[in-house]
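Structural overview
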Amino acid sequence: MPFKIPASVKKWLGRLALILAYVLAVPAAGALLGVIYVSVKIATYEQVDDAARIASKQAYLASITHLAAPDAPDVPDVVIILFDDLGYGDLGFTGNRVIKTPHMDALAANGVVLQNYYAPAPVCSPSRAAMLTGRMAPRAGLTHVPFPSGSPFDRLNRFFDNPVRLPREEILIADVLKAGGFFTAMVGKWHMGDHDRSVPTAFGFDKFFGTYYSNDMTPFTLVSGTAADGERVTHEAPVDQTELNPLYAETAEQFIAEAPQDKPLFLYFAHNFPHVPLYAAPHEAGKSDAGLYGDVVQGLDDTVGRIVAALKARGRFDNTLIIVTSDNGPWWEGRGIGRGRKGVSFEGGVNVPFIAHWPRALKPARSDALAMGTDLLPTLLDELQLPLPQDRMIDGKSIAQMLRGGDSPHQVLYYYAAGTLMAVRDAGYKYRARKPVAYPTDPVRFPIWQAHGPWLFDMQADAGEAYDISTRKPEIAARLKAFMDAKNAEMAENPRGWK
């Protein structure tokens, strides 16, 4: 006889089957709902520009057109050379003895060197946005690093509602100078978006050749274009990065040669190096005592020499303001200053080299006065006698007089990272709020983060930020904390700084 399962057993087996189905189905359904939620959130993410602020931007730029006098003989050419992850101590004029940088050293010897100049953020995109707008990264609306559209990290940014491009209502140095009659050109790394007209030729550049992203992102392509015709990929991925330095140098020379003689020139030369991965052209390899990193930096110096030669050939070199600096401190290699590296708001992450060379207007000097990348826009407008936009807060201040031996216009500097105010410093002291500090250990892949602080550092006696003296000088710590609290309250009330 066939075996028969008793009815009572069948009943319990049925209940067990239902329980198992429920137990298995709920997580599966939850996972499915989670995937749907994430997918919809990413797909429907939209970074919205402020139409009213775009209109006020256009009105401001139109007013600049009427005020500017680009054909005046005293209007200088302007060249900003920005390197990616170049450390304060990687150059001859800052004390390096194994990397040879004669061209930058020559500019430093005949220009103004700022020894307390700070990148506005410890990573590239927020730092660039702040430098070009004169507004700290939270004001400028770009607190995080954008990634190529559609990439996994781009999707993460969208999921967490992080900005994925520079808002179109922001006003860049190139916008103002183009409205003021300059021929404007950019070579190199943009890294403030690749869509919705958040690209160089939509922000005041007549010509652009370079890349939208860091050289470690894929697909790494090179883009070329004009304000009239738009931008398109001219060098498909993967670009041979051993040719990047020669390509950038040749394009810079070409843009300088093509610049009309009846217009002043603005060139923004933003190299991808020495950001990793590192590549040197065959004629650059093996030339430095600092390995491949040193070869790359020496290649960058050669490019500076080529730009200088092209500017001299243009015939206006004595009346050209050349600024050389870096977007943040060094990453895996390179020599910073003090404590920390790229990505952190300790000195090593944000104290970067700075040269201002302008023979007609500036005498050679070295200064310890405080300055930050946000100062470049207001300084240039001051030099050109053009007004600042009145519809928005500008965090930077003109350092025109400071470059001529005057004092810093800043009472304090504010250190932001990923939209968070991390520290405040004045001429003598730096106050860091209680924040997590990384504790990496070999060979563990992930560091431990422990909260420490608040800390107060004596920047004259302890530029390396080694010793907290907050208990010794509580009144100074309290004073700087008050600046921090006031700035946080201001930002909470008006994050984008609209007037």
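Residues numbered from 1 in each chain as written. Predicted model: local features only at pLDDT ≥ 70, side-chain atom pairs only at ≥ 80, totals over all residues. Heavy atoms only, no water.

Further remarks concern unusual backbone geometry. Between T218 and P219 the backbone carries a cis peptide bond, its omega angle lying at 0 degrees. Mapping P219 onto the fold places it in the loop between β4 (207-211) and β5 (222-226). Of note, the bond from A237 into P238 is cis; its omega dihedral lies within 30 degrees of zero at -5 degrees. Residue placement: P238 occurs in the loop between β6 (230-235) and α8 (244-258). At D196, a position not held by glycine, the phi torsion is positive, near 50 degrees. Looking at where D196 falls in the secondary structure, it is placed in the loop between β3 (183-189) and β4. In this structure D196 comes out as partly exposed when scored by relative accessible area, which is 45%. The phi torsion at A418 lies on the positive side, around 50 degrees, for a residue other than glycine. Structurally, A418 is set in the loop between β11 (413-417) and β12 (420-425). (Helix = DSSP H or I, 4+ residues; strand = E, 2+ residues; numbered from the N terminus. Buried < 20%, exposed > 50% of the residue type's maximum accessible area, 1.4 Å probe, protein only.)

What follows is about the sheet that holds strand β10 (residues 365-372). Sheet architecture is open: ten strands sit in the order β6-β5-β4-β3-β7-β1-β8-β9-β2-β10, paired in mixed fashion. In the strand order of this sheet, the two ends are held by β6 and β10, each with one partner. Looking at each pair of strands side by side, their axes are set apart by 15 degrees on average, direction ignored. Bridge count for β3 against β4 is five bridges, and the pairing is parallel. Across the sheet, residue G188 finds its bridge partner in β4, namely G210. Contacting β1 (77-83), β7 (265-270) and β8 (320-326), helix α9 (residues 291-314) runs over the sheet at an angle of about 175 degrees to β1. (Pairing = 2+ DSSP bridges. Axes fitted to C-alpha atoms, helices over the stretch in contact; angles between N-to-C directions. Contact = heavy atoms within 4.5 Å.)

Another aspect to go through is the packing of aromatic side chains. If you walk through the whole model with that rule in mind, you get 13 aromatic pairs. Look at F205 and F266: their rings are 6.1 Å apart centre to centre, the planes differ by 20 degrees, and that puts the pair in the stacked class. You can see F205 sitting in the loop between β3 and β4 and its partner F266 sitting in strand β7, a full 61 residues away along the chain. The same class applies to F205 and to F266, which are both buried. Between W331 and W332, the ring centres sit 5.2 Å apart and the planes meet at 25 degrees, which makes this aromatic pair stacked. The class of W332 is exposed, set by a relative accessible area of 62%. An aromatic cluster is defined as three or more aromatic residues linked by ring pairs; in this entry it consists of F205, F266 and Y268. For R135, the ring lying beneath its charged end belongs to W498, and the centroid distance is 4.9 Å. Of note, K342 hangs over the ring of W331, and the distance from its end group to the ring centre comes to 3.9 Å. (Phe/Tyr/Trp six-rings, centres within 6.5 Å; stacked < 30°, edge-to-face > 60°. Lys NZ or Arg CZ within 6 Å of the ring centre and 35° of its normal.)

This part covers helix α12 (residues 474-493). Given a rise of 1.5 Å per residue, 20 residues ought to cover 28 Å, and the 28 Å separating the end C-alpha atoms of α12 matches this to within 8%. All buried positions along α12 are accounted for by I476, A477, L480, F483, M484, K487 and M491. One face of α12 carries all of its buried residues, which in axial projection span an arc of 125 degrees. Facing away from the buried side of α12, by more than 90 degrees, are the exposed residues E475, A492 and E493. Where α12 is buried, its residues touch α5 (137-140), β11, β12, β13 (429-432) and β16 (455-458). (Expected span 1.5 Å × (residues − 1). Arc of directions from axis to C-beta.)

Right, let's get into the nonpolar core. The biggest cluster of nonpolar side chains holds 59 residues, and the ones touching the most others in it are I80, L114, I173, F266 and Y268. With five residues, helix α7 (residues 173-179) is the largest single contributor of residues to this core. Beyond its immediate stretch of four places on either side in the chain, I173 contacts I80, M131, L132, F266, L376, L377 and L380. Ranked by size, the runner-up nonpolar core spans 42 residues in total, among them L91, F220, L244 and L311. (Core = buried A, V, L, I, M, F, W, Y, C linked by side-chain atoms within 4.5 Å.)

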